[in-house]
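Each chain, letter by letter, is given below.
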Amino acid sequence: MSMKFEGRDILSIKDFSVKEIMHILKTAKKMVPAAKGERRDESLRGKVLATIFFEPSTRTRLSFESAMSRLGGRAIGMADPEASSLKKGETLADTIKMAESYADVTVLRHHHMGAARLAANFSAKPIINGGDGAGQHPTQTMLDLFTIWTEKGKIEGQKVALVGDLKYGRTAHSLSYALSLFGAKLYFVAPPTLQMPKEVVDDAKVGKVRPKLTGDLNDVIGKVDVLYVTRIQKERFPDPQEYQRVAGLYKVDVGLLEEAKKDLIVMHPLPRVNEIHPSVDGTHHARYFEQAFNGVPVRMALLALILGAVE
Ligand code: NCD
């Protein structure tokens, strides 16, 4: 695979090699001072990013907008489909065509799996998947990898437990594939009804080490280097009673962390509901807020690469 980023879509983490992902992470590292506002960078001056979000978002949209601003570009956005022509019945194809004529790159979040890939068929300009239903969330995966890489020094060989809603959680879907590709050792911790879909487990066998599946967090807490906690995806449950049965199943608190390795880091793509007790925030294990910040330099790197401002 050649390392060409300019003009590329970012639809699935599976479209990227280890070498390419490492190049993105290294580019992101150089972006950190500008991401913090400590250095000025104008390399995307005059460029426009469109954000089209059919589902709620805080971090993904804000960090993309921040990333664009930190590089001297501009973001235009549509966060509320209720207030747009989508309400009048406009198709996704037409909406994407419009965004393409107003902006240089578009981030799309949609409730249907495969929506971003479909959108990319209609657009000559790059489309970034900001989450497609229970499918993928590739830019989240890149910032998750960036967090593990900067915190731990390397990704290969890390023992990582993914905990919570592995059935519907798109962040877990893209991350498990990538971690396997990098040679991490995976533990999937979920009740049987929320375990990883078979095809995602198969994808996570791309590396040398096979993932282990369990329902019991106590089985793995003493072994792992990274605990990646996820929210139960309430909005994707067909039956609210089914949600009630599994809500609040795993709770990470300071008591549980007494069993953990000293240098365990706790990550979460956020938003959290009640999976991580706020008392964990003050411990040396917590990394979810740093992780959320990392969305800015990683998205700066992606925008600069696909818009051809850096190589
Ligand atoms: C996640 C998402 O939207 O998939 N949020 C995010 O982008 N950081 C996780 C979630 O909603 O639980």
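Here's what I pulled together on the structure shown here. (Residues numbered from 1 in each chain as written. Predicted model: local features only at pLDDT ≥ 70, side-chain atom pairs only at ≥ 80, totals over all residues. Heavy atoms only, no water.)

### Details of the overall build of the protein chain
The cut-off we apply is this: The helix count covers DSSP runs of H or I at least four residues long, the strand count covers runs of E at least two residues long, and both are numbered beginning at the N terminus. The quantity called the radius of gyration is restricted to C-alpha atoms. Its globule counterpart is 2.2 Å times the number of residues to the power 0.38. Burial classes: relative accessible area under 20% of the type maximum marks a residue as buried, over 50% as exposed, and values in between as partly exposed (1.4 Å probe, protein chains only). Residues are treated as being in contact if the distance between any of their heavy atoms lies within 4.5 Å. His is not counted, nor are the chain ends, whereas Lys and Arg count as positive and Asp and Glu as negative. Where a charge sits is defined by one atom per residue type, namely NZ (Lys), CZ (Arg), CG (Asp) or CD (Glu).
If you tally the helices and strands in the protein chain, you get 11 helices and 9 strands. Against the 2.2 N^0.38 benchmark of 19 Å for 311 residues, the protein chain shows a C-alpha radius of gyration of 19 Å, consistent with a compact globule. Across the 311 residues that make up the protein chain, the buried fraction comes to 56%. Sequence separation of at least 24 residues holds for 73% of the intrachain contacts in the protein chain that already meet a minimum separation of 6. Averaging the locations of the 44 positively and 37 negatively charged side chains of the protein chain gives two centres separated by 3 Å.

### Observations concerning the site of the ligand
In plain terms, the rule: Distances are taken per atom, and a residue is near a molecule or strand as soon as one of its heavy atoms is within 4 Å of it. In protein, a polar contact requires one atom able to donate a hydrogen and another able to accept it; more generally it is a pair of N or O atoms within 3.5 Å, and residues adjacent in sequence count only if both atoms are side-chain atoms. For every accessible area listed, the method is Shrake-Rupley and the probe measures 1.4 Å; residues are considered covered only by the protein chains on display.
The full set of residues close to the ligand is T60, R109, H137, Q140, R170, T171, R231, Q233, P269, L270 and P271. In the model, an oxygen atom of the ligand is placed 3.1 Å from a nitrogen or oxygen of the R109 side chain. Between the ligand and R170 there is a distance of 2.8 Å, counted from an oxygen atom to a side-chain nitrogen or oxygen. Here the ligand loses 94% of its free accessible area of 320 Å² to cover by the protein chains.

### Concerning the pattern of salt bridges
It is possible for side chains bearing opposite charge to pair when their charged atoms get close. Counted only if it meets this: We define a salt bridge as a contact between a side-chain nitrogen of Lys or Arg and a carboxyl oxygen of Asp or Glu at a distance within 4 Å.
This model, assessed by the stated rule, comprises 16 salt bridges. In this structure, R45 and E42 form a salt bridge, with 3.6 Å as the shortest nitrogen-oxygen distance. Its relative accessible area of 63% is what places R45 among the exposed residues. For E42, a relative accessible area of 33% translates into the label partly exposed. Two residues, K261 and D225, come together in a salt bridge whose shortest N-O distance is 2.9 Å. Pair noted here: K261 is in the loop between α10 (254–257) and β9 (265–267) and D225 is in the loop between α8 (217–220) and β8 (226–229), with a separation of 36 residues, a long-range link. Judged by relative accessible area, K261 falls into the partly exposed class, the value being 30%. For D225, a relative accessible area of 10% puts it in the buried group. Where salt bridges share partners, they join R40, E42 and R45 into one cluster.

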